[in-house]
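Summary of the model geometry
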Amino acid sequence: MFQEIPISELQFNPFTMIDKEWMLITAGSAEQCNTMTASWGGLGILWNKNVSTIYVRPTRYTLEFLNRESHYSLCVLDESHRAALNYCGSHSGRDGDKIKAAGLTPVFTENAPYFEEAKLVLICRKLYRQELKPDCFLDPAVREKNYKENDFHSVFIGEIEKVLKKA
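Residues numbered from 1 in each chain as written. Predicted model: local features only at pLDDT ≥ 70, side-chain atom pairs only at ≥ 80, totals over all residues. Heavy atoms only, no water.

**Quick notes on the packing of aromatic side chains**
Tallied over the full model, the rule gives six aromatic pairs. Where F137 meets F152, the ring centres are 6.0 Å apart and the plane angle is 40°; that geometry is what we call tilted. Remark: F152 occurs in the loop between α5 (140–146) and β10 (154–166) and F137 occurs in the loop between β9 (118–131) and α5; sequence separation between them is 15 residues. A relative accessible area of 22% means that F137 is categorised as partly exposed. Its relative accessible area of 11% is what places F152 among the buried residues. On the basis of an interplanar angle of 25° and a centroid distance of 4.8 Å, the ring pair of Y147 and F152 is categorised as stacked. Across this residue pair, the class does not change: Y147 and F152 are buried. Through a chain of ring-to-ring contacts, the aromatic side chains of F137, Y147 and F152 assemble into a single cluster. (Phe/Tyr/Trp six-rings, centres within 6.5 Å; stacked < 30°, edge-to-face > 60°. Helix = DSSP H or I, 4+ residues; strand = E, 2+ residues; numbered from the N terminus. Buried < 20%, exposed > 50% of the residue type's maximum accessible area, 1.4 Å probe, protein only.)

This is how it looks when you write it as structure tokens:
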């Protein structure tokens, strides 16, 4: 069971949470949704709003859902679900029901699907989307190291509308 908490009550290191614990980015509806594991992203303040920033490569099936829907969720799971995170990061929803295969239970009570197994959920409303552009990299080494296939991420900035914490 989840309880909604004020964003001001969050107490975690976002660098550890995103880089080491990872998160699931999920979008869609009760009829069809998809998720992907992410270890890049950010949380902060922009346009006087609490926001998340997520990065999704064009090859990811989840991008289709993010482009179509108005909201997405970010789910943080505890270490006991590392296998599910690994699975969702290495398999495509185009090839089958990876949510079921990962042993995750979708919940559809908000504007974006999330997972019963999460310990923390951020429900985000999309505010902005843009593709990273090759000519905008100021450090060529970053581009060369991360985009050998020229598969530049789409960036989404979403207002964090709701924070749900496992009770």
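Having seen the model, we can carry on.
**Some remarks on the layout of surface pockets**
Empty space among the atoms can be located by rolling a probe the size of a water molecule over them. Roughly 220 Å³ of internal volume is contained in the largest pocket. Taken together, the elements giving at least two residues each to the lining of the largest pocket come down to β3 (33–38), β5 (49–56) and α3 (82–90). In terms of residue class, the lining of the largest pocket is built from seven nonpolar, five polar and two charged. (1 Å grid on protein atoms, 1.4 Å probe; cavity = no way out; pocket = protein on both sides within 12 Å on 5 of 7 lines; lining within 4 Å. Points joined across faces, edges and corners; volume = space filled by probe spheres on them. Nonpolar A, V, L, I, M, F, W, Y, C, P; charged D, E, K, R; others polar.)

**A few points about the nonpolar core**
Within the largest apolar cluster, 23 residues are counted, with the highest numbers of intra-cluster contacts made by M23, I25, I54, L66, Y72 and L74. Each residue touching L66, except ones within four places of it in the same chain, is listed here: I25, A27, I54, V56, Y72, K126 and F156. In this structure, F2, L24, A102 and V121 belong to the second largest nonpolar core, which totals 18 residues. (Core = buried A, V, L, I, M, F, W, Y, C linked by side-chain atoms within 4.5 Å. Contact = heavy atoms within 4.5 Å.)

**Observations concerning the environment of T109**
Relative to the elements of secondary structure, T109 occurs in the loop between β7 (106–107) and β8 (114–115). Distance from T109 to A30, taken between C-alpha atoms, is 9.4 Å for residues 79 residues apart in sequence. Engagement of the side chain of T109 in a polar contact is seen with the side chain of Y114, the distance being 2.8 Å. (Polar contact = N/O pair within 3.5 Å; in protein donor to acceptor, adjacent residues only side chain to side chain.)

**What to know about a nonpolar patch on the surface**
Residues L46, W47 and Y128 make up a contiguous nonpolar surface patch of about 290 Å² in total accessible area. Examined against the element boundaries, W47 turns out to sit in the loop between β4 (41–46) and β5. The exposure class assigned to W47 is partly exposed, which follows from its relative accessible area of 47%. (Patch = residues over 30% accessible without salt bridge, like charges linked within 9 Å, V, L, I, M, F, W, Y side chains within 5 Å. Areas by Shrake-Rupley, 256 points an atom, 1.4 Å probe, with all protein chains shown as cover. Salt bridge = Lys/Arg side-chain N within 4 Å of Asp/Glu carboxyl O.)

**What about the pairing of β9?**
Two elements, strand β6 (residues 71–77) and β9, share seven bridges in a ladder whose sense is antiparallel. If you follow Y72 over to β9, its bridge partner there is C124. Of the strand pairs in this sheet, β9 and β10 are connected by eleven bridges, and their pairing is antiparallel. When the bridges of β10 are listed, C124 appears paired with I160. (Pairing = 2+ DSSP bridges.)

**Quick look at α3**
Looking at α3, one finds that the buried residues are R82, A84, L85 and C88. Along the long axis of α3, the arc covered by the buried residues comes to 160°, so they all point the same way. In α3, the exposed residues that point more than 90 degrees away from the buried face are A83 and S90. Buried-residue contacts for α3 involve α1 (14–21), β2 (23–28), β3 and α4 (98–101). (Arc of directions from axis to C-beta.)

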